[in-house]
Amino acid sequence: MELLNTILAADERKPVAVERPEGRSPVLLICEHASKMIPRSLGDLGLSEELRSSHIAWDPGALDVSLFLSNELDACLIHQRFSRLAYDCNRPPEADSAIPKRSEIFEIPGNISASAEEKQARVDGIYRPFQGAVAQEIARRKASGRPTVLVTLHSFTPVFKGVRRDTEIGILHDSDARLADRVISSLDRGSGLVVRRNDPYGPEDGVTHTLVEHGVRNGLQNVMVEVRNDLLADETSRQRVEQHLLRAIVESLGPEEVA
Ligand SMILES: [Zn+2]
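A. The environment of Leu51, seen in detail. Examined against the element boundaries, Leu51 turns out to sit in helix 1 (residues 49-52). Judged by local crowding, Leu51 falls into the partly exposed class, with 18 C-beta atoms found within 10 Å. Considering only alpha carbons, one finds Leu51 and Leu73, 22 residues apart in sequence, at a separation of 34 Å. For Leu51, the contacting residues outside a window of four places in its chain are Ile56 and Phe106.

Written out as structure tokens, the structure reads:
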């Protein structure tokens, strides 16, 4: 059999999408778990249709919120076009969770059986282009003297391992909490939402890879926003969340970013 050296066929979509590349906002939006699409070469990963559409495959609603913010802020948005079950772009290649053998309570047969060559093909075909696109955009802005703050958008399941979560919005950060502090303060003023810091996940869960790699290492202020996905399931509720997030982000930009 021919050695698998690429994960995506020529007629499949590129693994990364860049929306509004000329957007004028200092905010650079990133959505790593935007898609549930599985590359054709991976088949169904041994999962039912139901599981391939569930939160283990993607962050339902996160791309909708990202596109709304991109439009309202006139901000560049970089998002992934394939499922995190193929490769989780918010994880470095050395992390076991980059190509998870298990997600929540479900085993991923197609990941358990993946050979070292196939895993490398996923790194090269999905992770590297995504990271490259983000790094390139940051470098481009820096070269032209434009300020950048990173905002990554995610959603989480309301019930995890049988336990109901009451957090509605999680505001996550790693070692640089400047932007997260201001977003939390802003949301606490009048959103009425249950907002928690580094909840339901935090740096100890390995979820701050993008923030560290592209934000902290470049000295850029950064924050990861996690929205409970039942709040994004109907339009009225989603619009309410979107308006609060938009206000919080705008209020949290410093004078140097707004100038
Ligand atoms: Zn996510």
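B. Just the pairing of strand 6 (residues 149-156), in detail. The element strand 6 is largely enclosed, with a buried count of eight among its eight residues. Summarising the sheet, strand 2 (residues 27-31) and strand 6 pair through four bridges and their orientation is parallel. Directly across from Leu29, in strand 6, lies its bridge partner Val151. When strand 6 meets strand 11 (residues 222-228), the two strands line up parallel, connected through seven bridges. Its bridge partner being in strand 11, Leu153 is matched across the sheet by Val225.

C. Expanded view of helix 4 (residues 116-143). Compared with an ideal rise of 1.5 Å per residue, which puts 28 residues at 40 Å, helix 4 spans 38 Å between its outermost C-alpha atoms and is within 8% of the ideal. Within the sequence span of helix 4, burial applies to Ala121, Arg122, Gly125, Ile126, Tyr127, Phe130, Ala133, Val134 and Ile138. Contacts made by the buried residues of helix 4 are with strand 1 (16-19), strand 2, strand 3 (76-80) and helix 6 (209-215).

D. Structural context of helix 5 (residues 178-188). Inspection of helix 5 places Leu179, Ala180, Val183, Ile184, Ser186 and Leu187 among the buried residues, and these make up the whole buried set. An end-on view of helix 5 places all buried positions within 165 degrees of arc, on one side of the element. Against the buried residues of helix 5 lie strand 6, strand 9 (169-172), strand 10 (195-197), strand 11 and helix 7 (235-252). Note on helix 5: the residue one or two positions beyond its end, Gly190, has a positive phi of about 95 degrees.

E. A look at the sheet that holds strand 3. Strand order in the open sheet made by the seven strands is 1-3-2-6-11-9-10, with mixed pairing throughout. What marks the edges here is a single partner per strand, and that holds for strand 1 and strand 10. Adjacent strand axes in the sheet meet at a mean angle of 20 degrees, parallel and antiparallel pairs treated alike. Alignment of strand 2 against strand 3, held across four bridges, turns out to be parallel. Of the residues in strand 3, the one forming a bridge with Leu28 is Cys76.

F. Local environment of the packing of helix 5 against helix 7. The N-to-C vectors of helix 5 and helix 7 enclose an angle of 130 degrees; their axes lie 8 Å apart at closest approach. Viewed along their axes, helix 5 and helix 7 adopt a mutual orientation that is oblique. Where helix 5 crosses over helix 7, the two elements pack in a sense that is right-handed. On helix 7, the residues that touch Leu179, Arg182, Val183, Ser186 and Leu187 of helix 5 are His244, Arg247, Ala248, Ile249, Glu251 and Ser252. Here the residues of the contact of helix 5 with helix 7 are counted per class, giving five nonpolar, three polar and three charged.

Parameters at a glance
Residues numbered from 1 in each chain as written. Predicted model: local features only at pLDDT ≥ 70, side-chain atom pairs only at ≥ 80, totals over all residues. Helix = DSSP H or I, 4+ residues; strand = E, 2+ residues; numbered from the N terminus. Buried ≥ 20, exposed ≤ 12 C-beta atoms within 10 Å, placed from the backbone. Contact = placed C-beta atoms within 7 Å. Pairing = 2+ DSSP bridges. Expected span 1.5 Å × (residues − 1). Arc of directions from axis to C-beta. Axes fitted to C-alpha atoms, helices over the stretch in contact; angles between N-to-C directions. Parallel < 35°, antiparallel > 145°, perpendicular 65-115°, else oblique. Left-handed = near helix turned anticlockwise from the far one by under 90°. Nonpolar A, V, L, I, M, F, W, Y, C, P; charged D, E, K, R; others polar.

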